[in-house]
Structure formats: C-alpha cells, structure tokens
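Fold and geometry: a report
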Amino acid sequence: MSDKTSNQMWGGRFAAGPDAIMEAINASIGFDKRLAAQDIAGSRAHAAMLAATGIVDTSDAEAIREGLLTVLSEIKAGDFEFSTALEDIHMNVEARLKEIIGEPAGRLHTARSRNDQVATDFRLWVRDQCDAAEGGILALMKALLGQAEAGADWVMPGFTHLQTAQPVTWGHHMMAYVEMFSRDLSRMRDARKRMNESPLGAAALAGTGFPIDRQMTAEALGFDRPMANSLDAVSDRDFALEFLSVASICAMHLSRFAEELVIWSSAQFRFVTLSDRFSTGSSIMPQKKNPDAAELIRAKIGRIFGANVALLMVMKGLPLAYSKDMQEDKEQVFDAADNLMLALAAMEGMVKDMTANVANLETAAASGFSTATDLADWLVRETGLPFRDAHHVTGALVAMAEKKGCDLSDLSLEEMKSVNGTITEGIFDVLGVHNSVASRMSYGGTAPARVREQVARWKEILG
Ligand code: ARG
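Criteria and thresholds
- Residues numbered from 1 in each chain as written.
- Predicted model: local features only at pLDDT ≥ 70, side-chain atom pairs only at ≥ 80, totals over all residues.
- Heavy atoms only, no water.
- Helix = DSSP H or I, 4+ residues; strand = E, 2+ residues; numbered from the N terminus.
- Expected span 1.5 Å × (residues − 1).
- Buried < 20%, exposed > 50% of the residue type's maximum accessible area, 1.4 Å probe, protein only.
- Arc of directions from axis to C-beta.
- Contact = heavy atoms within 4.5 Å.
- Polar contact = N/O pair within 3.5 Å; in protein donor to acceptor, adjacent residues only side chain to side chain.
- Near = heavy atom within 4 Å.
- Areas by Shrake-Rupley, 256 points an atom, 1.4 Å probe, with all protein chains shown as cover.
- Nonpolar A, V, L, I, M, F, W, Y, C, P; charged D, E, K, R; others polar.
- Patch = residues over 30% accessible without salt bridge, like charges linked within 9 Å, V, L, I, M, F, W, Y side chains within 5 Å.
- Salt bridge = Lys/Arg side-chain N within 4 Å of Asp/Glu carboxyl O.
- UniProt positions renumbered as here; feature names shortened; annotations may be inferred.
- Core = buried A, V, L, I, M, F, W, Y, C linked by side-chain atoms within 4.5 Å.
- Disulfide = S-S within 2.5 Å.
- Lys, Arg positive; Asp, Glu negative; His and termini not counted.
- Phe/Tyr/Trp six-rings, centres within 6.5 Å; stacked < 30°, edge-to-face > 60°.
- Lys NZ or Arg CZ within 6 Å of the ring centre and 35° of its normal.

So, about helix α19 (residues 448-462). Between its first and last C-alpha atoms α19 spans 21 Å; for 15 residues at 1.5 Å apiece the expected length is 21 Å, and the two agree. Every buried residue belonging to α19 is among Pro448, Val451, Gln454, Val455, Trp458 and Leu462, and all of these are buried. Along the axis of α19, the buried positions cluster into a sector of 120 degrees, meaning they face one direction only. On the buried face of α19, the contacting elements are α6 (114-150), β2 (163-169), α7 (170-195) and α18 (433-439).

In structure tokens, the structure reads:
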C-alpha cells in the first residue's frame, strides 16, 4: 500500500494520510518488532478461540493460524519488510497476513483491540525476561558457590567504611552475594507469578459483546487465568514496572560487586586476578590489565534504574484506560532487560574465571589491627573485664603498636602487661587471623565451618 493514502487499518474516516512527522512520532515498529513472536502467538491463540466459540469459521481461523506461521518464519528469516506507515508490529503482521491469505485475515481482529493485543504481547515478552533473568541469576549463584567452596577458609580483611574491620573468610564474602542474588531470584519468580494473567479479550477497554472464551486464550498462552477487569487489563503496566524494580535491585547488587572487583583487582589491593578473557589492555600503557567488564556492569546498571524511573514517569499521570503514552513503555524495558542479562552473564564469567590471591588476602587480613576485637573479647572472656573497659585497654594497645609501627601480635607480653597487668600469654592465640575467623561460629558467622554448612545448603538447593 502507498504511504500517501489513509491507513488501511483505521483510515475509514480519514481522507488523507498522516504528515511525515506524525508518522515518525507515531510509529513504534522500529522497536516493537521485537514483540513479533509474542504477537503471533497471541493472534494464533485468539484465532483458535474465535473458531472454537463459533465467532469465525473454522476454515478461516485455520487459514489465519497457518498464515501467521508463514509471517513468523518470514520475520525470523529476516525476509519481512517492516513498514513505518503500518505503525506497529500488530498492523505489520496483519497487513502481511492479508497479502498471504486474503480476505479471512480481516476476521482476525474480531473481538479484539490493539490495546489488549499489545498488553498481551508485552506481558508475554516480560515474562520471558523473568525466565531469562532467573537463568542468569542461577548461573551466577553457582559461580559464586564454586568460589566459596574453594575458599571457605581463605582469610581476607572484612571492611566497614572500607576500613579494615575484622578478618573474614573469602567463602563468607562470596556467600553474602549468594544470599543477595537468591533474594533477587525469589523476587523475579514472584513478579513472574503475579504478571501471569491474560489481558487478551479485554478488547479496547470495556470487554466485548462477542461470546469469547478468555479462559481458553489464557491457557493457550500459558497464563494462569484471564485478568478480571478489562480496564485494568489494558491500562496498567505494573508488571513491567515490577520487572524493572526487581531488575534494579538485582542490578544494584551486581554494581556493588563490580565495584569490589574493580578495587580488588587494583595494584594497591591485588586481592584477585581477573582472567584475560574478562579484562582488557591499554593501548598506551603496556603494563595495564583493566577490569572493563566490572566497570561496564557498574555503569550499565544506571540504564536499568533510569528505565524504571522513566516508565514510572510515563504512567503516573495517565487516566484509565489506554493512552498512547504507553507505547513508550517498551524501549525502556527492552534496554533494561538486555543490559541486565548482559551484566549477569559478564559477572558470571568474571566470577568463574577470577583467581583469588590467597597470600595477599591473608597479609591484608592481618594488617590494620584487624584482630583488635578478638583481643578485647579475650579480655572479657579471660579476665572478666566489662567489654567497654576491654575496648579501652585494646585501644591503648593499638595506639602502642601504631606508635611502634608494628602489629598487635608483635607487642611483647611485657608491653601488653604495662597496659593491663592481667594479660597472659594466652592472648597471642587470638591475635592470629585464622583463629579469629575460626572463632566466629555464631550462626551466620564467618567461621570456615559455618561457611561450609552454607555452601552445602545452597548446593542442595541449586542442585
Ligand atoms: N503500538 C501501540 C502501543 O505500543 C499499540 C496500541 C495502539 N492502540 C491504540 N489505541 N492506538 O501501545
């Protein structure tokens, strides 16, 4: 059809076609072609239902369903010419269907509107992304679990304020992320469950007078049930927002870990060596090995947060039911989903490949008076000092060591006794980092034995 004439889908009352600028602002085909498979699945389910309910002849419905498969294979093969004049994926598919099967194509849109059509397509697409994200998160959790198992008793500094706080185990640090990502996984599954209702059959906004069977289309598309209110069905995008919110929280976790990898791989820290496969070089400084994947994860995460806010902004002022503003839902979600999957995969790759520099970790763990709390705890346990007083005595010992430029364990017993006379030789046992972590056996603590329990628990869960 010519771009100059009025639209063949809705142009009945129009004498002229749209201005080029109108067409440019109106068309969504440039991006919503990504919904082609979902659109065709929805249309095939709708056509089968139209036949089953006697709304359309079985032979016409069959022609439609067959023709739609041809359209799908053309699109998949890259043999399909998308037209901006046809606005969006829905009309592009229907117009091509008409070219292929002729007159029966015109019956497909009975008892349906693009409003419930797009809501259905988009739900199906976002649902697929929940599944993809689930796979990505699970793979990352397994990679973290591998690291945790290998290094359940490797000692590293634990930080608060990025200042050395207390020694922890490498395994414990990795398992902290396993816990975080497991909550992302659970949120993703939860979002999927909530979004899994079918808008199809809500029609434009009010339902339809045709005797449709919404249960049938819902089932055919793998939805748990049809949505109960037609206005709600065509006008909310909370399912996409929920995906973006869950994705944002997961992305935030990815970004924090990425930041740690950037710090850990620096020449100053040397806690980890990232593999060549997940690093890049500098074109001018031959010595450099840059953690670009981690940096890009950290940066890309901003796009996901941005998408979340952008869609909230699109939606917040819209009266019920559908408004064309809602066409702006897709690009944001597409971009966020693409970048979430990429970030998850890149993080999984980095984690799988990275090597912890165990000796460096241990040296760092032992510096910065990291066992000062162990010393204070020893005073409480062995001499009966109240913790506050023990804290004070330990502070004085730290000051002494700092002045001498040595570690706590390098102070002599006499020096210790000069601060508190009740201190005995036994104190040196708790100043070692391995003893320190091994003693932290409280549930959820960093002791290697506790970490191994958690690793075993998660291995059982993840299979
Ligand atoms: N391309 C549109 C969108 O993405 C499809 C729905 C159009 N509906 C309408 N009443 N104009 O939202």
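Next up on the list: the side chain of Arg237. Structurally, Arg237 can be placed in the loop between α9 (230-235) and α10 (238-264). On the accessibility criterion, Arg237 (1% relative accessible area) is buried. For Arg237, the side chain forms a polar contact with the side chain of Asp329, separated by 2.7 Å. Apart from the residues lying within four places of it in its own chain, the contact partners of Arg237 are Val118, Ala119, Phe122, Met315, Tyr322, Met326 and Asp329.

Right, let's talk about the site of the ligand for a bit. Close contacts around the ligand come from Ser28, Asp32, Asp88, His90, Arg114, Asn115, Val118, Tyr322, Gln327 and Lys330, and that covers them all. Between the ligand and Tyr322, the relevant distance is 2.4 Å, taken from an oxygen atom to a side-chain nitrogen or oxygen of the residue. At 2.8 Å, a side-chain N or O of Gln327 approaches a nitrogen atom of the ligand. When isolated, the ligand has an accessible area of 350 Å², and the protein chains bury 86% of it. The dominant element in the shell around the ligand, judged by the number of residues it contributes, is α6, at 3 residues. Looking at the shell around the ligand, its residues break down into 2 nonpolar, 4 polar and 4 charged.

The next subject is a nonpolar patch on the surface. A cluster of nonpolar side chains, contributed by Leu205, Leu231 and Leu320, occupies part of the molecular surface with about 270 Å² of accessible area. Of note, Leu205 is situated in the loop between β3 (197-198) and α8 (214-220). Assessed through its relative accessible area of 38%, Leu205 is described here as partly exposed.

The sites that carry the UniProt feature "domain: Fumarate lyase N-terminal" (unreviewed entry) are, in the present numbering, residues 12-306. The span residues 12-306 is 61% helical and 6% strand by assignment, and the distance between its end C-alpha atoms comes to 40 Å.

This paragraph deals with the environment of Ala220. Residue placement: Ala220 occurs in helix α8. Residues Ala220 and Ala45, 175 residues apart in the sequence, show an inter-C-alpha distance of 6.1 Å.

Moving on to the UniProt feature "domain: Argininosuccinate lyase C-terminal" (unreviewed entry) in the chain. Sites flagged by UniProt as "domain: Argininosuccinate lyase C-terminal" (unreviewed entry) map to residues 369-438. The distance separating the terminal C-alpha atoms of residues 369-438 is 17 Å; by composition the span is 67% helix and 0% strand.

Here we take up the nonpolar core. Among the nonpolar cores identified, the biggest contains 93 residues, and Phe243, Leu254, Phe257, Trp264, Leu340 and Met347 are the most heavily contacted of them. Counting residues per element, this core draws most heavily on α10, at 16 residues. Apart from the residues lying within four places of it in its own chain, the contact partners of Leu254 are Leu140, Phe181, Ile297, Ile301, Leu340, Ala343, Leu344 and Met347.

Take the state of the cysteines next. One pass over the full model with this rule turns up 0 disulfides. Between Cys130, a cysteine without a disulfide, and Cys250, which holds the nearest cysteine sulfur, the sulfur-to-sulfur distance is 12 Å. Note on Cys130: relative accessible area 2%, which makes it buried.

Our focus in this paragraph is the pattern of salt bridges. A side chain of one charge can pair with a side chain of the opposite charge if their charged atoms are brought near each other. Applying the stated criterion to the full structure yields 29 salt bridges. For Arg194, the salt bridge goes to Asp190, with nearest N and O atoms at 3.0 Å. Of this pair, Arg194 and Asp190 both sit in helix α7, 4 residues apart, which is roughly one turn of that helix. Overall, the relative accessible area of 38% leaves Asp190 in the partly exposed class. Taken together, the shared-partner salt bridges connect Glu87, Asp88, Arg114 and Lys324 into one network.

Our next topic: the side chain of Arg127. Here Arg127 is to be found in helix α6. Buried and unpaired, Arg127 has Asp128 as its nearest opposite-charge partner, separated by 4.9 Å. Within the structure, the side chain of Arg127 is placed 2.7 Å from the side chain of Asn196, a separation counted as a polar contact. Ignoring anything within four residues of it in the chain, the contact list for Arg127 reads Arg192, Met195, Asn196, Leu221, Gly222 and Phe223.

Our next topic: the packing of aromatic side chains. Aromatic ring pairs are described here by two measures, namely the spacing of the ring centres and the angle between the planes. In total, this model carries 13 aromatic pairs according to the counting rule given. With a centroid separation of 6.2 Å and 45 degrees between ring planes, the pair formed by Trp154 and Trp170 is classed as tilted. Of this pair, Trp154 sits in the loop between α6 and β1 (155-160) while Trp170 sits in helix α7, and the two are 16 residues apart along the sequence. Consider the rings of Phe257 and Trp264, whose centres lie 6.4 Å apart with planes at 85 degrees: the pair is edge-to-face. Assessed through its relative accessible area of 0%, Phe257 is described here as buried. Residue classification places Trp264 among the buried residues on the basis of a relative accessible area of 2%. The rings of Trp154, Phe159, Trp170, Tyr177, Phe181, Phe257, Trp264, Phe269 and Phe271 are connected pair by pair, giving a single aromatic cluster. One cation-aromatic arrangement involves Arg127 over Phe223; the distance from NZ or CZ to the ring centre is 5.1 Å. A cation over a ring is seen here: Lys330 above Phe122, with NZ or CZ 5.9 Å from the ring centre.

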